[in-house]
Amino acid sequence: MRARTLAVLAAVVVALVGVALPASAGPKQGLEISAPSGSVVDYGERVHLVGTLTPWATGQPVQLRDHNGTILVRTKTQRYGKFAFDYAPKRTVYVHATSGHLHSNAIPLQTRPHVTASISGVVLFGTATVSGRVVPWDSGAPVGVAVFHDGKRVATRTARLGSSSAFRLSVPIPQPGTWSAHVVYDTKDSLKGQADTSHVTTPLPSLGRGSSGEAVFLLERRLAQLHYLITNVNQTYDSVTADAVMAFRKVQGLDRVSTVDASVWRRLASPVVPHPRSTGAGFHVEIDQTRQVIYTVQRGVITNILHASTGKPSTPTRDGSFAVHRKVNGFSIGHLYYPSYFDGNRAVHGWTDVPPYPASHGCARIPYWAAKLMYDRMPIGTPVLVYHS
């Protein structure tokens, strides 16, 4: 029995030896790439691609190719078959990696136009410039510009690109605060490119007699726009400028001094607008004793506002409706300069000292430089309305 069992086992062994066992399967070959930081980049910037080759071998050549098979970048595998490419696409392109006969998956690299933008010349009542560049660009394509004041959109403008990648446009600055712009380039043939300018705050400089420069010019121009009598819109802060500032401060209810500070700039942007007492047809003059200013009024609209000083309490200027009845070309006997008499011996006239409060003997004093101007505007018969507001 034992001999028979041994014979059967021997036969089984012989049979198993005669069967061919399958060969061990080799490692699977493959090549993969990805863009971990994203595949959309600004024009001129590089996209970082990583990949893996299996089975791995250090130093194995790998190429990055476009959809036409053109080699864009070459590299070699590192440890564990890892490799990487840095490539700056100049257009939207599909790329893949190759190594020997292996081809990886394809990745679309999308190029976004590179936009730069800046804002300069931000001064109150001036004109700022928003400028920048778009690369690449299409001639005639629009660049949208949103303008912000203190974080709130206040205007939307459009600039057109020409034969150059540069654009620029002007932005008026009517209010103090912080100004900025957001620029967008978005056409049907490109991805959206955009950029923000820096945030720039309008300076509000302190000014006085002897100051000069652009800020003085902008101050004088704004005063003239608001009808404060000023004869020399230039870059020099002189007595004429000081008197116009004094008149403005009086009307606005500010301290009666002839210098400019931040409160003046802010009020110039959002001023109290005076209105005449009489809105009748024709021309007349009004003397507001409360504000200590003189208005010239044409057809119900104030055309000039002038610093003045009326009668002190002991020698007051009378309220009422009067008319010019006498004039002196030059100095009167009492040294009144170019007087226009409207109430007996009370006149509008030039004087050396025009303080910000009532100080005369009953007349309406005005600065020397304005005396002949008012003389010429007040012919015999001109109505003169005097009141306290």
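Residues numbered from 1 in each chain as written. Predicted model: local features only at pLDDT ≥ 70, side-chain atom pairs only at ≥ 80, totals over all residues. Heavy atoms only, no water.

**Some thoughts on the overall build of the chain**
Item 1. The helix and strand tally for the chain stands at 5 helices and 26 strands.
Item 2. In terms of its C-alpha atoms, the chain occupies a principal-axis envelope of roughly 160 × 50 × 40 Å.
Item 3. Total accessible area on the chain is roughly 20,100 Å²; 54% of this is exposed by carbon and sulfur atoms.
Item 4. The centroid of the 39 positive side-chain charges in the chain is displaced by 7 Å from the centroid of its 22 negative side-chain charges. (Helix = DSSP H or I, 4+ residues; strand = E, 2+ residues; numbered from the N terminus. Areas by Shrake-Rupley, 256 points an atom, 1.4 Å probe, with all protein chains shown as cover. Lys, Arg positive; Asp, Glu negative; His and termini not counted. Charge placed at Lys NZ, Arg CZ, Asp CG, Glu CD.)

**Re the pairing of strand E9 (residues 107-112)**
Item 1. Here E9 shows a buried face lined by Ile-107, Leu-109 and Thr-111 and an unburied face lined by Pro-108, Gln-110 and Arg-112.
Item 2. Summarising the sheet, strand E2 (residues 40-42) and E9 pair through 3 bridges and their orientation is parallel. Bridge assignment links Val-40 to a residue of E9, and that residue is Gln-110.
Item 3. Bridge analysis of strand E7 (residues 93-99) against E9 gives 3 bridges, and the strand direction is antiparallel. Its bridge partner being in E9, Val-93 is matched across the sheet by Leu-109. (Buried < 20%, exposed > 50% of the residue type's maximum accessible area, 1.4 Å probe, protein only. Pairing = 2+ DSSP bridges.)

**Examining the sheet that holds strand E22 (residues 326-327)**
Item 1. Within the open sheet, the 4 strands sit side by side as E22-E23-E24-E25. Their pairing is mixed. Edge positions in the sheet fall to E22 and strand E25 (364-367), since each of these pairs with one other strand and no more.
Item 2. The sheet strands contacting helix H5 (residues 368-377) are E22, strand E23 (337-343), strand E24 (346-351) and E25, and the helix crosses E25 at an angle near 115 degrees. (Contact = heavy atoms within 4.5 Å. Axes fitted to C-alpha atoms, helices over the stretch in contact; angles between N-to-C directions.)

**A short note on the side chain of Thr-382**
Item 1. Tracing the backbone through its elements, the reader meets Thr-382 in the loop between H5 and strand E26 (383-387).
Item 2. Exposure remark for Thr-382: the relative accessible area of 5% places this residue in the buried category.
Item 3. A distance of 2.7 Å separates a polar side-chain atom of Thr-382 from the backbone oxygen of Pro-379.
Item 4. What Thr-382 contacts, discounting residues up to four positions off in sequence, is Phe-283, His-284, Val-285, Phe-322, Ala-323, Val-324 and Arg-377. (Polar contact = N/O pair within 3.5 Å; in protein donor to acceptor, adjacent residues only side chain to side chain.)

**Some remarks on the environment of Pro-55**
Item 1. Relative to the elements of secondary structure, Pro-55 occurs in the loop between strand E3 (47-54) and strand E4 (61-66).
Item 2. With a relative accessible area of 39%, Pro-55 lands in the partly exposed category.
Item 3. Considered as a pair, Pro-55 and Lys-28 are 27 residues apart in the sequence and their alpha carbons are 6.8 Å apart.
Item 4. In contact with Pro-55, other than residues within four places in its own chain, are Pro-27, Lys-28 and Gln-29.

**Structural notes on the nonpolar core**
Item 1. Formed by 32 residues in total, the largest nonpolar core has its most connected members in Leu-219 and Leu-268.
Item 2. Secondary structure elements with two or more residues in this core: helix H2 (214-225), helix H3 (239-252), helix H4 (262-269), strand E19 (293-298), strand E20 (301-307) and E26.
Item 3. Those residues in contact with Leu-219 that lie beyond four places of it in its chain are Leu-207, Tyr-237, Thr-241, Val-245, Val-260, Trp-265 and Leu-268. (Core = buried A, V, L, I, M, F, W, Y, C linked by side-chain atoms within 4.5 Å.)

**Examining the pattern of salt bridges**
Item 1. Per the stated rule, a full pass over the model turns up 5 salt bridges.
Item 2. Residue Asp-42 is joined to Arg-112 by a salt bridge in which the shortest nitrogen-to-oxygen separation is 2.6 Å. Of this pair, Asp-42 sits in strand E2 while Arg-112 sits in strand E9, and the two are 70 residues apart along the sequence.
Item 3. For Asp-42, a relative accessible area of 18% puts it in the buried group. (Salt bridge = Lys/Arg side-chain N within 4 Å of Asp/Glu carboxyl O.)

**Looking at the packing of H2 against H3**
Item 1. Where H2 contacts H3, the two axes come as close as 11 Å, and the packing angle between them is 55 degrees. Between H2 and H3, the angle is such that the two are oblique. Relative to H3, the crossing made by H2 is left-handed. Each of Leu-219, Glu-220 and Leu-223 in H2 lies in contact with H3, whose residues at this interface are Thr-241, Ala-244, Val-245 and Phe-248.
Item 2. A per-class count over the contact of H2 with H3 returns 5 nonpolar, 1 polar and 1 charged. (Parallel < 35°, antiparallel > 145°, perpendicular 65-115°, else oblique. Left-handed = near helix turned anticlockwise from the far one by under 90°. Nonpolar A, V, L, I, M, F, W, Y, C, P; charged D, E, K, R; others polar.)

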